[in-house]
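Analysis of the macromolecular model
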Amino acid sequence: MAHFARRGVALGAQVLRRAQGASCNAQLSKFTPRFPVASFSAEAVGAEKKGGSFLGRLAGITLASAMALTPSVAAIEHVGPPPAPKVDVPPHPVLGSVVFYQYDVCPFCNKVKALLDYYKVPYQTVEVNPLTKNEIAWSAYKKVPIVTLNGEPLVDSTLIMTEIAAKLSPPKKAGFFGAKKQAEADAEEQKWREWVDDRLVHVITPNIYRTVGESIQAFDYITTKGNFTIVERYAAQVVGVTMMYALSKLRLKKKHNIEEERPALYEEMNKFTDALGARQFLGGNKPNLADISIFGVLRAVRGMDTWKDVMDNTKVLPWYERMEASVAEQEQWGKLACSLCFLLNAYTTWNGSVDKLAAPPAHYGTIVWTRGLRLIPSMKRHPYVPH
């Protein structure tokens, strides 16, 4: 498989060079930092030029087609402010207008998504094409997730979570007798957040690309998510499956000292549940950022073989179900507030003026306010909504 991948990707780069002429070297050099497959292809250009399997040639030609037939290279030249949201997503009263750039199965993206869902933040999701990354061509930072708050970008999943959590739930100062306990809780939270970034995501990734079939599961989302052309969908799925399967076997396992994918993942999850003990969450009675991070990574692979095997062969399921219920509860309140806002907005629009309301909807405003959502801008001007 190593020879298949290297020869196939080298072939892809060669085909692209022949198709696009002298400008291709500069294009590839710019494309390289944006996608690991392109980086791998640049590295493989000097590899063996003879032989190669049908699978390798197919992957290389597909990669070449994807790069040649999509406007990715031209889009790299533009770096500037993010585009305005295309969907009218109601602003959050604290964070403002939130746009979330992601890959659907990216564990780092799903950490941030779990946080936004837990805090019931309305946000617009932009699915980024993993081959072209046109959707984030405006950004000098070429990784996901990226979150923009009123147009201001935040990058790095851990930093994004820390900043958003600080805005939505500022830490309370512990009293004299509780300072030591709070410090220990903070240290434990930080320890497990680092474990997620340094170990869990690197163990779970080779698991979802463990076999060709599981790799296809992981990239199945690309056929339905995002505003991609047929060529882009085909290229991203076929190249993604082939390359990530190869990279997981050739690089990731060796780099992170993984001998067998499933046993390594089970071992890591059991470390977490042993530390959790009898507690509901690492945060005690409610989830902390470590809980949310771990939940997000696991939720990213729900529906795949990896998720089922982890739930069947470790002790994490009861905690996962508590987390799922906690996030679902937050989403339920958000949807309720959203529905009430839209109903009220529709009613006032139909009447032509908020002054024509038959009765003050104070309870509507209270729910919207206490749950932290003013989902309709006109609600801010409503005389019955507390500000």
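Remember, predicted model here, so these are calculated numbers, not experimental data.

The rules behind each value
- Per chain, the residues get numbers from 1 upward, laid out in the order the sequence is written.
- Totals for whole chains, interfaces and linings use all residues, but because this is a predicted model, local features are given only for residues with pLDDT of at least 70 and pairs of side-chain atoms are given and counted only at 80 or more.
- Based on all heavy atoms of the structure, the side-chain values leave hydrogens and waters out of the count.
- Here the rule is simple: two strands pair whenever DSSP picks up at least two bridges between them.
- In this text, helices come from DSSP runs of H or I with a minimum length of four residues, and strands from runs of E with a minimum of two, each type numbered from the N-terminal end.
- To get an axis, fit a line to the C-alpha atoms, keeping to the stretch in contact for a helix; angles then go from 0 to 180 degrees between the N-to-C directions.
- Contacts were defined at the residue level, with two residues in contact if any of their heavy atoms lie within 4.5 Å.
- Stacked, edge-to-face and tilted labels apply to pairs of Phe, Tyr and Trp rings (six-membered ring for Trp) whose centres lie within 6.5 Å, assigned for plane angles under 30 degrees, over 60, and everything in between, in that order.
- Three labels apply to residues, based on accessible area from a 1.4 Å probe with only protein chains included: buried if under 20% of the type maximum, exposed if over 50%, partly exposed otherwise in between.
- When describing relative orientation, an angle under 35 degrees is termed roughly parallel and one over 145 degrees roughly antiparallel, while 65 to 115 degrees is termed roughly perpendicular and anything else oblique.
- Note: crossing handedness is left-handed where the near helix turns anticlockwise from the far helix by less than a right angle, and right-handed where it turns clockwise.

A word on the sheet that holds strand 1 (residues 98-102)
Strand order in the open sheet made by the four strands is 2-1-3-4, with mixed pairing throughout. The sheet terminates laterally at strand 2 (124-127) and strand 4 (152-155), the two strands that pair on one side only. Pairs of neighbouring strands in the sheet enclose a mean axial angle of 20 degrees, with direction left out of account. Of the pairings in the sheet, the one linking strand 3 (residues 146-149) to strand 4 comprises four bridges and is antiparallel in character. Counterpart to I146 in the pairing with strand 4 is V155. Contacting strand 1 and strand 3, helix 6 (residues 107-118) crosses the sheet at an angle of about 155 degrees to strand 1. Against the sheet, helix 7 (residues 157-168) makes contact with strand 3 and strand 4, and its axis sits at roughly 120 degrees relative to strand 4, the strand it touches most.

Let's talk about the packing of aromatic side chains
Here the distance between the centres and the angle between the planes together describe a pair of aromatic rings. In total, this model carries 10 aromatic pairs according to the counting rule given. When the ring of Y209 is compared with that of F219, the centres are 6.0 Å apart and the planes differ by 40 degrees; the resulting orientation is tilted. In this pair, Y209 is assigned in the loop between helix 8 (179-208) and helix 9 (212-219) and F219 in helix 9, connecting sequence segments 10 residues apart. For Y209, a relative accessible area of 6% puts it in the buried group. The rings of W192, W195, F272 and W319 are connected pair by pair, giving a single aromatic cluster.

Let's talk about the packing of helix 6 against helix 12 (residues 289-299)
At a minimum axis separation of 7 Å, helix 6 and helix 12 run at an interaxial angle of 120 degrees. In terms of orientation, helix 6 and helix 12 fall into the oblique class. Classified by chirality, the crossing of helix 12 by helix 6 is right-handed. Contacts from P107, N110, K111, K113, A114, L115, D117 and Y118 in helix 6 reach L289, I292, S293, F295, G296, V297 and R299 in helix 12.

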